[in-house]
Amino acid sequence: MAASLLQRSLAAVWHPCTQMQHHETLPLTPIIRGEGPWLITEDGRRLLDGISSWWVNLFGHCNPRINAALRDQLEQLEHVLLAGFTHPPAVALSERLAALTGGSLGHAFYASDGASATEIALKMSFHMWRNRGLLQKDRFLCLEGGYHGETVGALAVTDVPLFRDAYAPLVRQAATVPSPDAQRAAPGETAADVARRAANALEARLEAENGRVAAFILEPLVQGAAGMVMYDPEYLRLARTLCDRYQAHLICDEIAVGCGRTGTFFAHEQAGIHPDLLCLSKGISGGYLPLSVVLCREEIFRAFYGSDTRKGFLHSHSYTGNPLACRAALATLDIFEQDDVLAANCGRAELLGRLLEETFSGHPAVRFLRQRGMIAAFDVEGAADGFPRRFFAAALEAGALLRPIGKTVYFMPPYVMDEPELRALTAAAFSALEQALT
Ligand SMILES: *Cc1c(COP(=O)(O)O)cnc(C)c1O
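What you see is a predicted model, and the numbers here were worked out from it, not measured in a lab. (Residues numbered from 1 in each chain as written. Predicted model: local features only at pLDDT ≥ 70, side-chain atom pairs only at ≥ 80, totals over all residues. Heavy atoms only, no water.)

Caption draft 1: Highlighting the layout of surface pockets. Taken as a whole, the second largest pocket spans an internal volume of roughly 770 Å³. Forming the walls of the second largest pocket are 30 residues, and the residues nearest its centre are Leu 82, Ala 108, Phe 109, Phe 301 and Phe 313. Looking at the lining of the second largest pocket, the elements with two or more residues in it are helix 4 (88–100), strand 4 (107–111), strand 12 (292–296) and helix 10 (298–304). If you tally residues by element for the lining of the second largest pocket, the top one is strand 4, at four residues. Across the lining of the second largest pocket, the residue classes tally to 15 nonpolar, twelve polar and three charged. (1 Å grid on protein atoms, 1.4 Å probe; cavity = no way out; pocket = protein on both sides within 12 Å on 5 of 7 lines; lining within 4 Å. Points joined across faces, edges and corners; volume = space filled by probe spheres on them. Helix = DSSP H or I, 4+ residues; strand = E, 2+ residues; numbered from the N terminus. Nonpolar A, V, L, I, M, F, W, Y, C, P; charged D, E, K, R; others polar.)

Caption draft 2: Quick look at the packing of helix 4 against helix 11 (residues 323–338). The interhelical angle for the contact between helix 4 and helix 11, taken along N-to-C directions, is 40°, at an axis separation of 9 Å. With respect to their mutual orientation, helix 4 and helix 11 come out oblique. Regarding helix 4 and helix 11, the two cross each other, and that crossing is left-handed. For the pair helix 4 and helix 11, contact is made by Pro 89, Ala 90, Ala 92, Leu 93, Arg 96, Leu 97 and Leu 100 and by Pro 323, Cys 326, Arg 327, Ala 329, Leu 330, Leu 333, Asp 334 and Glu 337, respectively. Residues that form the contact of helix 4 with helix 11 fall into these classes: eleven nonpolar, no polar and four charged. (Axes fitted to C-alpha atoms, helices over the stretch in contact; angles between N-to-C directions. Parallel < 35°, antiparallel > 145°, perpendicular 65-115°, else oblique. Left-handed = near helix turned anticlockwise from the far one by under 90°. Contact = heavy atoms within 4.5 Å.)

Caption draft 3: Spatial organisation of the site of the ligand. Taken together, the neighbourhood of the ligand is formed by Trp 55, Asp 113, Gly 114, Ala 115, Tyr 147, His 148, Gly 149, Glu 219, Asp 253, Ile 255, Ala 256 and Lys 282. Between the ligand and Ala 115 there is a distance of 2.8 Å, counted from an oxygen atom to a backbone nitrogen or oxygen. In the environment of the ligand, a nitrogen atom lies 3.5 Å from a nitrogen or oxygen atom belonging to the backbone of Tyr 147. In isolation the ligand exposes 380 Å². Once the protein is present, 82% of that is buried. Class assignment of the residues belonging to the shell around the ligand gives a composition of five nonpolar, three polar and four charged. (Near = heavy atom within 4 Å. Polar contact = N/O pair within 3.5 Å; in protein donor to acceptor, adjacent residues only side chain to side chain. Areas by Shrake-Rupley, 256 points an atom, 1.4 Å probe, with all protein chains shown as cover.)

Caption draft 4: Highlighting empty space enclosed by the protein. Under the criterion given, the structure shown has two cavities of 30 Å³ or more. Its volume calculated, the largest cavity comes out at about 40 Å³. Within the lining of the largest cavity, the residues separate by chemical class into six nonpolar, three polar and three charged. Each pocket or cavity is described by its volume, and for the second largest cavity that value is around 30 Å³. In terms of lining, the second largest cavity is formed by Leu 206, Glu 209, Asn 210, Gly 211, Arg 212, Val 213 and Tyr 246. Here the residues of the lining of the second largest cavity sort into three nonpolar, two polar and two charged.

What follows is the structure in structure tokens.
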């Protein structure tokens, strides 16, 4: 008898973020088709994609408009190297992204995944100071619990022990500063008070580093992999001021929170600030193709410009600025414009919040129900070892893809779920929680 897709996958594919032995008891789910917010399994079951397939799929699976744009691009140009050559999708995308930053970040450098974008931003920052003769600026700061990817360079600014500890001897760890996590508010304190407290600690660290910090990297408003830790925009305003005062770059990693996820197109807009460097990936291609981009200010670009090759930014990836990926991103930006997605998402987010409030706010195990735009989460009290896997399996049974991070259950639906799907998702989460707790 022929082996099933599942057996062949376990034999030949090394799955990410997985202890492979767990699949002896937790079966893989073979998916053969996607349709809007739905994933369709090999045996014909339909699953609601409640986390946009790891936060990438903004407008549903097999989106007709993105599909059409890609078909059109396929007939013209699938790829060309971006060194010494250029092509319409890379130019148009760079111009449109610059316009979305209000013209403040006018130069786009491309790569294929988020971790590479992080490394590009760190290298650009360090190299800019070096080109200016400031060789002492060779340190980075990151937030406690921050996540910026898992390559060896990106792990230096990633403070998630589960991902980092095994590789600690390989990593030149950056200094971490306290998270402005709103949950840390003492009685009578607001989220903005916590932000100010955390900013004081940031200032003390910048002072102690005595001019050696090249850049401070953070995830604006929501620290995703830390467990959807949310904080007040006041922290971003203070961090901006402090970075200016201590001559350090502010890198906003909007790989997860960009592209409308928090309610504005970029999360940092909610603080009325501009970063020096901005990382985007995940949703930028609508979840179709690997693409990341680092946007930077004129001043940084200028510091590399000159006759000396070694002062140039020589970083490259084979697929830098791939035309298909750029075209998928352009189609994604078109949908934002044509459908006024940010406005429509206000209603979706409001409904999601209301449904979660109704279903979970009185639940004895639910703590810190929280939301920022199209991200909602709560923590589960008494979540034992194995809770995330039990919840994940029970949610699949109930017809939804939801994948808790530790004790945090979160929702990051694609921007195509409407009332019936959001109701079904909430109901599946409720049923999964009941099962996972028993
Ligand atoms: C996912 C993520 C990354 C890493 O992106 P990959 O494409 O997985 O390498 C970096 N930063 C943040 C905030 C992320 O959520």
